[in-house]
Amino acid sequence: MKPPSRVREMPILRVIARALVPVILLFGLYVQFHGDFGPGGGFQAGVIFAAGLIIFALTFGVEALRQVVPVVLTERLMAAGVLLYGAVGVVAMFLGGEFLDYSALDPLTTGHYGQHLGIIVIELGVGIAVAATIMRVYYAFVGRRPGEDETGAEQALDAGAGREVS
Amino acid sequence: MNLPEALSGLWAYWLLIALMMVGLYIVIARDNLIKKVMGLNIFQAAAILFYVTMAKVEGGTAPIVPGGADHGAGHGGHDVLYSNPLPHVLMLTAIVVGVATTALALALAVRIHGDYGTSEEDEAVAYDMGHG
Amino acid sequence: MIEKILVLEVVLPLLAAPVCVLVRHPRFCRLFSLGVVAACFAIAVALLVEVRGGGVISYELGGWPPPLGIEYRVSTVNAYLLALVTSMALVVFSFDSRGGPPRVPEERRHLYYAVFLLCISGLLGIAITGDAFNIFVFLEISSLSSYILVSLGGHRRAVMSAFYYLVMGTIGGVFFMLGVGLLYQATGTLNLRDIAARLEPSLDDRGTVLALALLVVGISIKLAVFPLHHWLPNAYSFAPPKVSAFLAATATKVSFYLLAMVLFTIFGAPFVFEELRLQAVLLPLSILAMFLASGAAIFQTDLRRLLAYSSVAQIGYMTLGLSTANATGLAGGLVHLFNHAVMKGGLFLVVACLLYRVGSVHIDALAGIGRRMPLTSAALVIGGLSLIGVPGTVGFVSKWYLVSGVLERGWTAAAVLILLSSLLALVYVGKVVEVLYFRKPAETQPIDHVREAPLGMLAPAWVLAAAAVFFGLTTDWTYGVAREAAELLLAGGI
């Protein structure tokens, strides 16, 4: 879907977006990985990261974003993020701890290292899943054209995993 | 407890209840599905504010250990009074639930619009009455 | 051994859902989810065997000891619920995939399985967790996925019903969350046992009474207790048939457990039933549900709607058992959870068979089908007899203990009303049987092409029909466990 041509012709928007998007994405990564030391974490970072990409789509068109992040990829990343989270828990179980017991991830030292490692990987999973879900929701709603509906019941399947936008 | 005391001491709760009733009223009284979703959002927001209000400790500061990342040894700032962080964490989850609910409700509203050609509940019901 | 892998009961379906999304192969997803559900069932049975006789298994998530960490805690009550949900899920999943959602094309079926697994995971999570806020999260996981599942029905009204369900369910969820918040405010903890130990409920403490009110109303919406049942008939009659079978058999049952747990474990029977006298509200509502919903069922012309209204009536029996607050009555209510799941699950699977072969379950379209689909119709008759409560079926077992419990309490009138309401069930079941076997098919709707349902559909339906008879004759397992669970609840434990 093409954005309204007026937006395309607005140089101010395009220039500012071009400057802002990388900063927003970088800030998303900062919030993600600084979550171990201060306020931050996967939820916030995922939303910020997705918001940066959505701003990109708003100014340069959904088509442009779709080339960078295909719709199928967001669907896969949603699942992969959740699985990454779960995998940490299951690995901890195999290493002899309880589910999600980060200390078990590092049986050699007294546990602080395992706690760090666990929370970083967990938050990475959360961040990936949240960013992908937000983008999928955006794709699902923005990919609809007026009057085009009759075929798919799928978008009700999951707000995040709706119809194929093609 | 007499009325002025209840109003001044618990003003936050009065606000919350008012907000909650506004949300509930919109859900009940509006026929437009999108407005219903908005009402539902206000209703949820009131509940989230309730938790956040509860977490406030008088004179307490944000629950971040001063001194940053040195929490491995010698926890700094034991004498600092913090607000209760737990309700905030819970509400992070509740907000996510709210977002998911809203997204799903909007997706359903879009489908209803596709099937009935309207987002008004009464028109959709009338359509069903007419077509069985 | 089992206490080490207890958490897999919830984690397996929760992680199987994203695996389905990643693999995207419908056949793989179908078999994979069947395997996952079977594994969950095995774990649930092992847990039930382990905790029978008063055992308790506790699991500390992340190695954080309760009350700080989240605790999964399994006693007879929870294990009973887990076994109920997983067994019903297993039967529904083994049902032929042709009973799936009509509006979801084959290449998107993986999402349907993923949502179904999430729903199961949420229901199991509610039953297993010992943390109040964790219950809210699982409640919303199961509810959100149920809304999606309901919206997949073939008729356009399915989406509308899903929207109603969503609005009602969200209001219920927020009420529940507020109730938990007030409890946290009163006790400073979220661990259920810790709350129960610290809470000193009294009528003078308005915060506690408000918490109880919010929790009870919130759960009652999800449970579809009589005046709050409005979402249920639409949701069950327009959802895909397999989904109706699963939700009717499990979703309301888990909410019932939640209600019982709040009333007995957190607030305690002495406060709720002696000081507050909740039965003054619960008992009339239960009896109204039994009569008005059964009465409404009689006038339905769509078999699914008829069964849905009958579900509202059956929930009335369960809450009636709750309001007796004695071991026999509560055990009657709890055993009715399983018994109703067996018969209503079986009946909705029969509906799925009929829908597949006849194409409609409108009462006029079913005329004379009894001769064309003898096995399907026989399963329907067994389920119907069980709804009435004929001796030799599970329905009789539940009603027997319910009536005993009510009489123990000295409520003779209520006992008479239970028996009278069974007559209403006789009317609506009789109506269906009459149409199936004795009415001539209409000229405009020839049924010569209708054949018996395929084995993949018939077998699961008959498993439940056979169970309705088997557990009607052998009550050691069902009533034995329910009685133990009831005594545990009355003693304030879970």
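Since the structure is predicted, the reported quantities are computational estimates derived from the model, not experimental observations.

A. Local environment of the overall build of chain B. If you tally the helices and strands in chain B, you get 5 helices and 0 strands. Shown N-terminal to C-terminal, the secondary structure of chain B runs as helices and strands in the order α-α-α-α-α. Expressed as a percentage of its 132 residues, the buried residues of chain B come to 27%. Within chain B, contacts between residues separated by at least 24 positions form 47% of all contacts whose residues are at least 6 apart in sequence.

B. Spotlight on the overall build of chain C. Scanning chain C from N- to C-terminus turns up 20 helices and 2 strands. Its C-alpha atoms give chain C a radius of gyration of 21 Å, near enough to 23 Å, the size a compact globule of 494 residues would have. For chain C, the spread of C-alpha atoms along the principal axes amounts to about 70 × 55 × 40 Å. In chain C, buried positions account for 66% of the 494 residues. In chain C, 80% of the contacts between residues at least 6 apart in sequence involve partners at least 24 apart.

C. Just the confidence of the model for chain C, in detail. Residues and elements named next belong to chain C. When pLDDT is averaged across chain C, the result is 90; 100% of the residues are at 70 or more. Confidence, expressed as mean pLDDT per element, reaches its minimum in chain C at helix H15 (residues 369-372) with 84 and its maximum at helix H5 (residues 132-151) with 94. Reported confidences for the modelled complex are a pTM of 0.92 and an ipTM of 0.90.

D. Seen up close, the environment of serine 237 of chain C. All names here are of chain C. Within the fold, serine 237 resides in helix H9 (residues 231-238). Using a count of 24 C-beta atoms within 10 Å as the deciding quantity, one classes serine 237 as buried. Sequence separation of serine 237 and leucine 306 is 69 residues, and the distance between their C-alpha atoms is 8.6 Å. In contact with serine 237, other than residues within four places in its own chain, are Asp302, Arg304, Arg305 and Ala308.

E. Examining the interface of chain C and chain A more closely. In this assembly, 23 residues from chain C lie in contact with 21 residues from chain A. It is helix H1 (residues 8-23) of chain C that provides the largest number of residues to the side of chain C that touches chain A, a total of 7 residues. Classifying every residue of the side of chain C that touches chain A by side-chain character gives 17 nonpolar, 3 polar and 3 charged.

F. Representation of helix H6 (residues 157-187) of chain C within the structure. Residue and element names in this part refer to chain C. Helix length check: H6, at 31 residues, gives a terminal C-alpha distance of 44 Å against a target of 45 Å (1.5 Å per residue), a fit within 8%. With 29 of its 31 residues buried, H6 lies for the most part within the structure. Looking one or two residues past H6, glycine 188 carries a phi angle of roughly 75°, positive in sign.

G. Representation of the interface of chain B and chain C in the model. The interface of chain B with chain C comprises 25 residues on the first partner and 22 residues on the second. Broken down by secondary-structure element, the contributors of at least two residues to the side of chain B that touches chain C are helix H3 (33-55), helix H4 (86-116) and helix H5 (121-131) of chain B. Considering every element that reaches the side of chain B that touches chain C, the biggest residue donor is H4 of chain B, with 13 residues.

H. Geometry of unusual backbone geometry. Residues and elements named next belong to chain C. Note that the residue after proline 66, namely proline 67, is joined by a cis bond; omega there is 10°. We note that alanine 224 has phi near 65°; this positive angle belongs to a residue other than glycine. Checked against the element boundaries, alanine 224 lands in the loop between helix H8 (206-223) and H9. The class for alanine 224 is buried, based on 27 C-beta atoms found within 10 Å. Phi is positive for arginine 277, which is not a glycine, with a value near 55°. Within the secondary structure, arginine 277 is located in the loop between helix H11 (269-275) and helix H12 (279-298).

I. Summary view of the pairing of strand E2 (residues 71-74) of chain C. All names here are of chain C. In E2, alternate side chains face the same way, and those of Glu71 and Arg73 on one face and Tyr72 and Val74 on the other are all buried. Alignment of strand E1 (residues 57-60) against E2, held across 4 bridges, turns out to be antiparallel. When the sheet's bridge partners are listed, glutamate 60 is paired in E2 with glutamate 71.

J. Broad picture of the packing of helix H13 (residues 303-324) of chain C against helix H17 (residues 394-408) of chain C. Residue and element names in this part refer to chain C. In contact at an axis separation of 9 Å, H13 and H17 are set at 35° when each is read in the N-to-C sense. The way H13 lies across H17 gives a crossing that is left-handed. Within the contact between the two elements, H13 uses Tyr317, Leu320, Gly321 and Thr324 and H17 uses Ser398, Leu402, Gly405 and Val406. Classifying every residue of the contact of H13 with H17 by side-chain character gives 4 nonpolar, 4 polar and no charged.

K. How the structure looks around the environment of alanine 158 of chain C. All names here are of chain C. Note on placement: alanine 158 falls in helix H6. For alanine 158, a count of 28 C-beta atoms within 10 Å puts it in the buried group. Once the C-alpha coordinates of alanine 158 and serine 237 are considered, the two residues, 79 residues apart in sequence, prove to be 8.2 Å apart. In contact with alanine 158, other than residues within four places in its own chain, are Val150, Ser151, Leu152, Gly153, Phe238 and Ala239.

L. Broad picture of the packing of helix H2 (residues 26-51) of chain C against helix H4 (residues 109-128) of chain C. Residues and elements named next belong to chain C. One can describe the packing of H2 onto H4 by two numbers: an axis separation of 8 Å at closest approach and a directional angle of 15°. On the basis of their axis angle, the class for H2 and H4 is roughly parallel. H4 is crossed by H2, and the crossing has left-handed handedness. Packed against H2, whose contacting residues are Pro26, Cys29, Arg30, Ser33, Val36, Val37 and Cys40, the element H4 presents Arg109, His110, Tyr113, Phe116, Leu117, Ile120 and Leu124 at the interface. Classifying every residue of the contact of H2 with H4 by side-chain character gives 10 nonpolar, 2 polar and 2 charged.

M. Examining the nonpolar core more closely. Val85 and Phe163 of chain C are the most contacted members of the largest nonpolar core, which has 283 residues in total. Setting aside residues up to four positions removed in sequence, phenylalanine 163 of chain C forms contacts with Leu33, Ala105, Leu108 and Ile112 of chain B.

N. Expanded view of the confidence of the model for chain B. Of the residues in chain B, 86% reach a pLDDT of 70 or more, and the chain-wide mean stands at 83. Here helix H1 (residues 3-9) of chain B stands out as the least confident element of chain B, with mean pLDDT 70; H3 of chain B is the most confident, with 92.

O. View of H17 of chain C. Residues and elements named next belong to chain C. With 15 residues, H17 should cover 21 Å at 1.5 Å per step; its first-to-last C-alpha distance of 21 Å lies within 8% of that length. Taking burial as the measure, the 15 residues of H17 include 11 buried ones, the bulk of the element. Residues of H17 that are buried make contact with H13, helix H14 (327-358), helix H16 (374-388), helix H18 (412-438), helix H19 (455-473) and helix H20 (476-490).

P. Layout of the environment of glutamine 300 of chain C. Residues and elements named next belong to chain C. Mapped onto the secondary structure, glutamine 300 falls in the loop between H12 and H13. It is 9.2 Å that separates the C-alpha atoms of glutamine 300 and histidine 362, two residues lying 62 residues apart in sequence. Beyond its immediate chain neighbours, meaning those up to four positions away, glutamine 300 contacts Arg305, Leu306 and Tyr309.

Parameters and conventions
Residues numbered from 1 in each chain as written. Chains lettered and ligands numbered in written order. Predicted model: local features only at pLDDT ≥ 70, side-chain atom pairs only at ≥ 80, totals over all residues. Helix = DSSP H or I, 4+ residues; strand = E, 2+ residues; numbered from the N terminus. Buried ≥ 20, exposed ≤ 12 C-beta atoms within 10 Å, placed from the backbone. Contact = placed C-beta atoms within 7 Å. Rg over C-alpha atoms; globule rule 2.2 N^0.38 Å. pLDDT = per-residue confidence, 0-100. Nonpolar A, V, L, I, M, F, W, Y, C, P; charged D, E, K, R; others polar. Expected span 1.5 Å × (residues − 1). Pairing = 2+ DSSP bridges. Axes fitted to C-alpha atoms, helices over the stretch in contact; angles between N-to-C directions. Left-handed = near helix turned anticlockwise from the far one by under 90°. Parallel < 35°, antiparallel > 145°, perpendicular 65-115°, else oblique. Core = buried A, V, L, I, M, F, W, Y, C linked by C-beta atoms within 7 Å.

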